[in-house]
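Commentary on secondary and tertiary structure
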Amino acid sequence: MKHSLYYKFILGYLIFGLLGFCAVATVASELTYEQLIKEEAVTLYDEASLLASSYSQVYKGRNLNIASAYPQMEAVAVYLRAEIWVVNRNGTIVVNSNQSRRVGERIEGFDPVFNGNRPYTIGTYNGCFAEDVMTVSAPITGNYTTYGYVLIHLPISQITGSKDRFLNILYIVSGIIFGLSLIILLVFTATVYIPLKKITEAANQYAEGNLKYKTTIHTQDEMGYLAATLNYMSDELDKMEEYQKTFIANISHDFRSPLTSIKGYLEAILDGTIPPEMYEKYLTRVISETDRLNKLTQGLLTLNSLDSKGYLSRTNFDINRVIKDTSASFEGTCDTKNIVLDLTFSETITMVYADLGKIQQVLYNLIDNAIKFSLQDSVIYIQTSVKYEKVFVSVKDTGIGIHVISTEGVGTEFIFSLPRAGVA
């Protein structure tokens, strides 16, 4: 990006300007020169024909003085900035618009049809001039006889001068147009390059893990839409990352509780705290905890194929039995802090319709937190009650208090509700 698109565009712009200048300097120059030659040739031939018509009156007997037409010839010569000759059939100069030169001089190699198929010729005219001139001729006729010729010589420098003046104007106009075309470059920079650079920076930030980076492009075009899409994508990725962190933290907590129970029971068996006659009871709890770990693992495999909204597998089960089994897994932890779990149920069997695995996780987390924030020699109250079509489960400790239904220094109570079986 830094050394490709923008610099390629500038390079293309400069190449366009250079090629445009070369086109003007070569093609336009040549075309202009050719067009000026044609136009000057027609103009000179028309003037030569007019002068020849004037001089033909001498040979028709209407004017006996050939020099009488000199003022007209001189005026035309000044107007055309050219030199005009009148020559006889032998090539001798009879009249010259510049009276101080060549009158009476015979032109070496004079050929009245030197033009060929063209109305003009370009050169030094048989060495008569030091520079190239355009020469046109018109015959002087009278009584059906050609008596001489009017020759007009225009220096090529006059034509090239006109060409250069025209091209100078063209160069100036081209330069102005090229300068105005800088607006295109400015528009490209403002609407494409700068936004694209911001979008590239945003992509680099996201690649480095900075998902909170925002692209500040507020235009209503494709660039603005792309920037808004990137910002939305980064927000969603950031939410997903937060979800993953929370998910991992929850999973770690869910795995820690049964592992702690299993470790506690096995250590108690090894160090003799649990007598042999109680092995069956506590090994059964160990198996129950391993089953729970297995369910957690299966749940992870299931979640791996689902989206972040999760998945519920609802069944009918006795919430009282789940509370009893879950509470039993904390026996070792409670004994360490001399904490009593007080279970109170409004009914002997309370059937609910919910996801058994998820409710087990909720109860494990609530009881684990209650034990964590409870003081030595305290009581944690776990209760179920039925109201209309709902079953309410309450976990209340007497610890330092944190949130939900909480009083600082008195304790915290968590309550959640479940639909009764058969009414969901």
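Residues numbered from 1 in each chain as written. Predicted model: local features only at pLDDT ≥ 70, side-chain atom pairs only at ≥ 80, totals over all residues. Heavy atoms only, no water.

Moving on: the pattern of salt bridges. A complete count under the given rule lists five salt bridges for this structure. We note a salt bridge from Glu267 to Lys263, for which the minimum N-O separation is 2.5 Å. Placement of both Glu267 and Lys263 in helix 5 (residues 222-270) is noted, with a separation of four residues, approximately one turn of the helix. Close ionic contact of Glu331 with Arg285 constitutes a salt bridge, the shortest N to O distance being 1.9 Å. Here Glu331, found in helix 8 (residues 331-337), pairs with Arg285, found in helix 6 (residues 279-303); they are 46 residues apart in sequence, far enough to count as distant. According to the relative accessible area criterion, Glu331 is partly exposed, its value standing at 21%. (Salt bridge = Lys/Arg side-chain N within 4 Å of Asp/Glu carboxyl O. Helix = DSSP H or I, 4+ residues; strand = E, 2+ residues; numbered from the N terminus. Buried < 20%, exposed > 50% of the residue type's maximum accessible area, 1.4 Å probe, protein only.)

So, about the nonpolar core. If you look at the biggest cluster of nonpolar residues, it comprises 27 residues, and the most contacted ones within it are Met73, Ile84, Met134, Val150 and Ile152. Those residues in contact with Val150 that lie beyond four places of it in its chain are Ala48, Leu51, Ala52, Tyr55, Ile84, Trp85, Val86, Val136, Ser137, Ala138 and Ile140. Formed by 24 residues, the second largest nonpolar core is a distinct cluster that contains Cys334, Val352, Ile367 and Phe414. (Core = buried A, V, L, I, M, F, W, Y, C linked by side-chain atoms within 4.5 Å. Contact = heavy atoms within 4.5 Å.)

Looking at the element boundaries, Arg256 is found in helix 5. Separated by 37 residues in sequence, Arg256 and Leu293 place their C-alpha atoms 9.7 Å apart. Residues within four places of Arg256 in sequence aside, it is in contact with Asp368 and Lys372.

In this section: the packing of aromatic side chains. Within this structure, the stated rule accounts for seven aromatic pairs. With a centroid separation of 5.6 Å and an interplanar angle of 15 degrees, the aromatic rings of Trp85 and Phe129 are classed as stacked. Linking Trp85 in strand 1 (residues 83-88) with Phe129 in the loop between strand 3 (121-123) and strand 4 (133-142), this pair joins segments that are 44 residues apart in sequence. Residue Trp85 shares its accessibility class with Phe129, and that shared class is buried. (Phe/Tyr/Trp six-rings, centres within 6.5 Å; stacked < 30°, edge-to-face > 60°.)

What follows covers the environment of Ser378. Relative to the assigned elements, Ser378 resides in the loop between helix 9 (356-372) and strand 9 (379-387). As for Ser378 and Asn338, which are separated by 40 residues in sequence, their C-alpha atoms are 7.2 Å apart. Setting aside anything within four residues of it in sequence, one finds Ser378 in contact with Asn338, Ile339, Val340 and Thr398. A distance of 2.7 Å separates a polar atom in the side chain of Ser378 from the backbone oxygen of Leu375. (Polar contact = N/O pair within 3.5 Å; in protein donor to acceptor, adjacent residues only side chain to side chain.)

For the rest of this paragraph, the subject is the side chain of Asp355. By the element assignment, Asp355 lies in strand 8 (residues 351-355). At 3.1 Å, the side chain of Asp355 and the backbone nitrogen of Gly357 are in polar contact.

In this section: helix 5. Taking 1.5 Å per residue, 49 residues should reach 72 Å; helix 5 reaches 70 Å between its end C-alpha atoms and fits that length. Phi turns positive, to about 85 degrees, at Gly272, one or two residues after helix 5. (Expected span 1.5 Å × (residues − 1).)

Read from one edge to the other, the open sheet built from five strands follows the order 2-1-5-4-3, with strand pairing classed as antiparallel. Strand pairing shows two members of the sheet lacking a second neighbour, strand 2 (93-96) and strand 3, which therefore form its edges. Strand-to-strand twist of the sheet, defined as the mean angle between neighbouring strand axes without regard to direction, takes the value 30 degrees. In this sheet, strand 4 lies alongside strand 3 in antiparallel orientation, the contact comprising three bridges. The residue bridging Thr121 from the neighbouring strand is Thr135, located in strand 4. Its contacts with the sheet put helix 3 (residues 156-180) on strand 3, strand 4 and strand 5 (145-155), and the angle it makes with strand 5 is roughly 45 degrees. (Pairing = 2+ DSSP bridges. Axes fitted to C-alpha atoms, helices over the stretch in contact; angles between N-to-C directions.)

As a further point, take a nonpolar patch on the surface. On the surface, Ile172, Ile176, Leu180, Ile183 and Val187 cluster together into a nonpolar patch covering about 490 Å² of accessible area. Residue assignment for the nonpolar patch shows that the elements contributing at least two residues are helix 3 and helix 4 (182-207). Of the residues forming the nonpolar patch, the biggest block, three residues, is contributed by helix 3. Tracing the backbone through its elements, the reader meets Ile183 in helix 4. (Patch = residues over 30% accessible without salt bridge, like charges linked within 9 Å, V, L, I, M, F, W, Y side chains within 5 Å. Areas by Shrake-Rupley, 256 points an atom, 1.4 Å probe, with all protein chains shown as cover.)

This paragraph deals with helix 4. Between its terminal C-alpha atoms helix 4 stretches 35 Å, which fits the 38 Å expected from 26 residues at 1.5 Å a residue. Where helix 4 terminates, the next one or two residues include Gly209, which has phi positive at roughly 100 degrees.

So, on to the packing of helix 4 against helix 5. Viewed as axis vectors pointing N to C, helix 4 and helix 5 meet at an angle of 10 degrees, and their least axial separation amounts to 10 Å. If you check the angle between helix 4 and helix 5, you find them roughly parallel. Every residue of helix 5 that contacts helix 4 at Thr191, Val192, Pro195, Leu196, Ile199 and Tyr206 is listed here: Met223, Leu226, Ala227, Leu230, Asn231, Met233 and Ser234. Here the residues of the contact of helix 4 with helix 5 sort into ten nonpolar, three polar and no charged. (Parallel < 35°, antiparallel > 145°, perpendicular 65-115°, else oblique. Nonpolar A, V, L, I, M, F, W, Y, C, P; charged D, E, K, R; others polar.)

Quick look at the packing of helix 5 against helix 9 now. Contact geometry for helix 5 and helix 9: axes closest at 10 Å, N-to-C directions at 75 degrees. For the element pair helix 5 / helix 9, the angle class is roughly perpendicular. Only Gln361, Tyr364, Asn365, Asp368, Asn369 and Lys372 of helix 9 make contact with helix 5, whose side of the interface consists of His253, Asp254, Arg256 and Ser257. Taken together, the residues of the contact of helix 5 with helix 9 sort by class into one nonpolar, five polar and four charged.

Counting through the fold element by element, Leu167 comes out in helix 3. Residue class for Leu167 comes out buried when judged on its relative accessible area of 4%. Residues Leu167 and Ala28, spaced 139 residues apart in sequence, show a C-alpha to C-alpha distance of 8.0 Å. Residues within four places of Leu167 in sequence aside, it is in contact with Val24, Ala28, Ser29 and Thr32.

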